[in-house]
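Structural characterization, general
What follows is the residue order along each chain.
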Amino acid sequence: GHYNFTIITAMGVITEGSKGLELQKSIERLEKERGVVTIRADTGTARSIDYNASKIEEAVETATQLKRPYGLVGYSQGCANGFNFESRMISGTPDQQSAIVSPESGLVCRQLLFSAANGSMHGPAFNAKVHQLITMCEDFFKYQQGYFSRAFISSTLELVDNTLDSAAFQKFHGCAKCFLPDALRGFWREAQHLPHIPTCVLRGVLEEHTTPESLDMVCNLLTKQSGSPLHDSQVHVYDAVGHPVYVKNRNGRILKNVDMGGAIQRTHHWSPLSEEVEFVRTSRDVQNAVFDCAKDRHIFPFCDVNARFGVIHYKSETNENGDNSKSYSS
């Protein structure tokens, strides 16, 4: 049967938002076979979790017009965006609170795909490298001062200042903070979430035959930096869970109690992608079919298990006007 349910997706750091194609064919099959409408939040590439949370809120406003409960599906940084959205709505205005707790059209479940809500080892490792690079550049340019005019030095410093003050850099900096432990501790310390919303999780671990060739260096880098190969090239399996790992408080215990977990998949961080990564697909990737892995596993089991336990309800055969329930479209 068809489900009385809507999915709102929040994709990763690099995304085209509402025009994205992540899991597109699976989403189309889900609507055809289960009657589930999917609304893509218009989140931005390399934007902060606050900006992206506001875009998820806009998608929720659209979803509530369907008068059906909805679930959040986050991918990578999109998981942090979804958690931030939920926290903002709970602490928001009465209308915002109603949009998330309404029994008719409120939030009923979450799905986290390769969650980066607990950050990634890439964040602190990159941060340490940047500090080291700044020190090296300072030593290098101090020596060069005697070889260049004051005007050239002033122009160079002005160019660097303008770059650091630019809107593009500030947006990137806001995004990068969500991978750093300090920023995440601040978020999880103040966040609040609903205690009755089950969280499904999909995690992955790379193997040699499931690693895209374009991720070889990143995979080896993360293994070296963290000392563990149990990751999908971006996040470790012990971080990609449905609750905060490095902050212990009441809200963290609430999320841990509703974290349903999930089996670890033999796959990589880019498994939801297909057409978007065509330009980096190599002959080795084609031979190993690393981007042709099962896509339906990212959303179908999430919907079916919540329907099995009554979190998602089935639709009646006809709506109030007597029309077939499959008349909804995204």
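In this report, the structure presented in the accompanying data block is examined.

Cut-offs used in this document
- Residues numbered from 1 in each chain as written.
- Predicted model: local features only at pLDDT ≥ 70, side-chain atom pairs only at ≥ 80, totals over all residues.
- Heavy atoms only, no water.
- Salt bridge = Lys/Arg side-chain N within 4 Å of Asp/Glu carboxyl O.
- Helix = DSSP H or I, 4+ residues; strand = E, 2+ residues; numbered from the N terminus.
- Buried < 20%, exposed > 50% of the residue type's maximum accessible area, 1.4 Å probe, protein only.
- Phe/Tyr/Trp six-rings, centres within 6.5 Å; stacked < 30°, edge-to-face > 60°.
- Lys NZ or Arg CZ within 6 Å of the ring centre and 35° of its normal.

One pass over the structure, following the stated rule, counts twelve salt bridges. With a shortest N-O distance of 2.8 Å, E86 and R110 are connected by a salt bridge. In this pair, E86 sits in helix 3 (residues 77-90) while R110 sits in strand 4 (residues 107-113), placing the two residues 24 residues apart along the sequence. You can call R110 buried: its relative accessible area is 2%.

Our next topic: the packing of aromatic side chains. For the structure on display, the rule yields eight aromatic pairs. Relative to F114, the ring of Y75 has its centre 6.3 Å away and its plane inclined at 75°; by these criteria the two rings are edge-to-face. Residue Y75 is located in strand 3 (residues 70-75), and its partner F114 is located in the loop between strand 4 and helix 5 (122-144); the two are separated by 39 residues in the primary sequence. Y75 gets classed as buried once you look at its relative accessible area, which sits at 5%. With a centroid separation of 5.8 Å and an interplanar angle of 45°, the aromatic rings of Y143 and Y147 are classed as tilted. The same class applies to Y143 as to Y147, namely exposed. An aromatic cluster is present here, built from F83, F187 and W188 joined pairwise through their rings. Of note, R47 hangs over the ring of Y51, and the distance from its end group to the ring centre comes to 3.7 Å.

In short, the description is geometric, and any link to function would need to be established separately.
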